[in-house]
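Below, each chain spelled out in residue letters.
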Amino acid sequence: MNSINKNAPIIPGIGLGNLKLNSHISQYIDLIKSFTWLDSKTLEDKSIDMLSTFYVSYECKDTLKIVFDILTGKLQRIIALKDYEGLFNGELYIGKIIDTIKKIDIVYDEDEELYFIKGVEGISFEADANNQYIECITVYSLK
Amino acid sequence: MKSLTHEGPGKIDIKTIKENPQQLWGKIPEEIADAFRAQGYNVTIEQSKKDSGKAIIIRPDGGNINMVQIHPDGGRHESAYIKISTDNGKLKLISGNEQSYIGDPYGEKHTTVFWMED
């Protein structure tokens with residue numbers, strides 16, 4: 001069974017958390033089952049979320065989300081959340097204050113409302129609603 | 001809360017959206033895409049694939065509207081919104097009012113905000 005390492009480095013276009021983009025959902029059956037957590041009122045499994053018609057997300061609570069393309073069964077993106085502790089390039093991590101980023105050329109895309117790194121594909125950084133700190137980091141498939 | 005309709009939004013351009021932002025509100029992506037197609041544009045619809053959210057992106061191939069993004073509520077701003085990116089800035093249609101929106105709705109450059117209060 002695949003397992004999550006919340007300290008694993010964040011690698012653009014490749015993966016994070018010890019999980020690899022473009023791998024098949026069949027490799028994650030036991031892992032996905034282990035994510036289950038229920039809303040105490042509705043008893044709904046809150047780990048599962050349909051993002052759109054053909055994309056489904058499974059959340060390991062507050063640590064990461066894995067998003068599969070239903071049509072191919074492939075892991076399309078992985079999103080590091082507030083309890084994820086791994087780093088990108090030894091410097092960027094969840095909670096990092098945007099204004100303190102010095103060594104990496106990070107740019108804000110107003111259309112996407114995301115930060116990207118010049119010349120690096122397969123990774124984006126989402127700030128909190130006030131654009132002060134990194135709230136989540138997404139690595140996505142380039143295929 | 002408004003329910004979805006199956007009536008198209010009619011002709012979409014910057015002027016009509018500014019005059020009547022309700023034109024787009026509550027329309028499903030395919031209805032908006034069809035309205036652009038009726039105006040002669042090729043259109044792609046895709047799920048945003050680079051972030052944590054559920055945004056749907058509609059891109060007409062031509063005209064001065066480059067992109068329409070539909071963001072369901074529950075994202076980092078909590079409120080649902082539609083963002084229209086044009087050659088001359090952005091139009092942002094936001095559910096609710098300033099009090100219900102998390103963050104600074106006026107923080108983006110060249111953006112006109114319309115509140116879609118119930």
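Because the structure is a prediction, the values reported are computed rather than measured.

*Asks:* Just to check I follow, could you spell out the overall build of chain A for this structure?
*Replies:* When helices and strands are counted, chain A shows 1 helix and 10 strands. The linear arrangement of helices and strands in chain A, starting from the amino end, is β-β-α-β-β-β-β-β-β-β-β. The C-alpha atoms of chain A give a radius of gyration of 15 Å, which matches the 15 Å a tight globule of 143 residues would have. If you line up chain A on its principal axes, its C-alpha atoms span 40 × 35 × 30 Å.

*Asks:* Mind showing me how you'd approach the nonpolar core here?
*Replies:* Among soluble globular proteins, nonpolar side chains are generally buried collectively. If you look at the biggest cluster of nonpolar residues, it comprises 31 residues, and the most contacted ones within it are Leu64, Ile66, Ile78, Ala80, Ile137 and Val139 of chain A. Among the elements of the structure, strand S4 (55-60), strand S5 (64-69), strand S6 (74-80), strand S8 (114-117), strand S9 (120-127) and strand S10 (134-140) of chain A are those that each provide at least two residues to this core. The greatest single-element share of this core, amounting to 5 residues, is contributed by S10 of chain A. With residues up to four places along the chain from it excluded, the contact list for Ile66 of chain A reads Leu19, Tyr28, Tyr58, Leu75 and Ile78 of chain A. Residues Ile32, Ala55, Ile56 and Leu91 of chain B belong to the second largest nonpolar core, which totals 20 residues.

*Asks:* It is not clear to me how the interface of chain B and chain A should be interpreted in this structure. Could you clarify?
*Replies:* Quite often, the size of an interface is put as the accessible area lost when its parts meet. With 16 residues of chain B at the interface, the matching set in chain A holds 20 residues. When its residues are assigned to classes, the side of chain B that touches chain A shows 3 nonpolar, 5 polar and 8 charged.

*Asks:* Just checking my understanding: could you explain the pairing of strand S3 (residues 48-52) of chain A for this structure?
*Replies:* Two faces make up the sheet, and in a regular strand the side chains alternate between them. All names here are of chain A. Pairing geometry for S3 and S4, over 4 bridges, is antiparallel. Following the sheet pairing, Asp49 is matched in S4 by Ser57. Turn length for the S3-S4 hairpin, with the two strands adjacent in sequence and antiparallel, is 2 residues.

*Asks:* Where do I start with helix H2 (residues 29-38) of chain B in this structure?
*Replies:* It helps to recall that an α-helix has 3.6 residues per turn; residues three or four apart then point in one direction. Residue and element names in this part refer to chain B. Inspection of H2 places Ile32, Ala33, Ala35 and Phe36 among the buried residues, and these make up the whole buried set. Along the axis of H2, the buried residues cluster in a sector spanning 155°; they form a single face. Lining the buried residues of H2 we find strand S1 (42-47), strand S2 (56-61) and strand S3 (65-71). Count one or two residues on from H2 and you reach Gly40, which has phi positive near 95°.

*Asks:* Can you help me understand the sheet that holds S3 of chain B in this one?
*Replies:* To summarise the sheet geometry, strands pair through backbone hydrogen bonds and adopt either a parallel or an antiparallel arrangement. Residue and element names in this part refer to chain B. Taken together, the 6 strands give an open sheet; going across it, the order is S1-S2-S3-S4-S5-S6, and neighbouring strands pair in mixed fashion. Two strands close off the open sheet at either side, each with one partner strand: S1 and strand S6 (111-116). The average angle at which neighbouring strand axes cross in this sheet is 15°, direction not considered. Bridging between S3 and strand S4 (residues 81-86) involves 6 bridges; their strand directions are antiparallel. Looking at the pairing, Met67 lines up with Ser85 of S4. Of the strands in this sheet, S1, S2 and S3 are in contact with H2, which crosses S1 at around 160°.

*Asks:* Whenever I open this one, the environment of Ala55 of chain B confuses me. Can you help?
*Replies:* All names here are of chain B. Here Ala55 is to be found in the loop between S1 and S2. Under the C-beta neighbour-count criterion, Ala55 is labelled buried, with 23 such atoms within 10 Å. Separated by 14 residues in sequence, Ala55 and Gln69 have C-alpha atoms that sit 6.4 Å apart. The contacts of Ala55, once residues within four sequence positions are left out, are Ser48, Gln69, Ile70 and His71.

*Asks:* Looking at this model, I keep getting lost on unusual backbone geometry. Mind explaining?
*Replies:* Note on backbone geometry: most residues besides glycine have negative phi, and most peptide bonds are trans. Although it is not a glycine, Asn22 of chain A sits at a positive phi angle of roughly 70°. Along the chain, the position of Asn22 of chain A falls in the loop between strand S2 (19-20) and helix H1 (29-34). A positive phi angle, near 70°, is found at Glu78 of chain B, a position not held by glycine. Summarising the element assignment, Glu78 of chain B is placed in the loop between S3 and S4.

*Asks:* Can you help me understand the sheet that holds S8 of chain A in this one?
*Replies:* Residues and elements named next belong to chain A. Read from one edge to the other, the open sheet built from 8 strands follows the order S3-S4-S5-S6-S10-S9-S8-S7, with strand pairing classed as antiparallel. Looking at the sheet topology across the chains shown, the edges are occupied by S3 and strand S7 (106-109). When the angles between neighbouring strand axes are averaged without regard to direction, this sheet yields 25°. By the bridge criterion, 4 bridges tie S6 to S10 in an arrangement that is antiparallel. The residue of S10 that forms the bridge with Ala80 is Ile137.

Analysis parameters
Residues numbered from 1 in each chain as written. Chains lettered and ligands numbered in written order. Predicted model: local features only at pLDDT ≥ 70, side-chain atom pairs only at ≥ 80, totals over all residues. Helix = DSSP H or I, 4+ residues; strand = E, 2+ residues; numbered from the N terminus. Rg over C-alpha atoms; globule rule 2.2 N^0.38 Å. Core = buried A, V, L, I, M, F, W, Y, C linked by C-beta atoms within 7 Å. Buried ≥ 20, exposed ≤ 12 C-beta atoms within 10 Å, placed from the backbone. Contact = placed C-beta atoms within 7 Å. Nonpolar A, V, L, I, M, F, W, Y, C, P; charged D, E, K, R; others polar. Pairing = 2+ DSSP bridges. Arc of directions from axis to C-beta. Axes fitted to C-alpha atoms, helices over the stretch in contact; angles between N-to-C directions.

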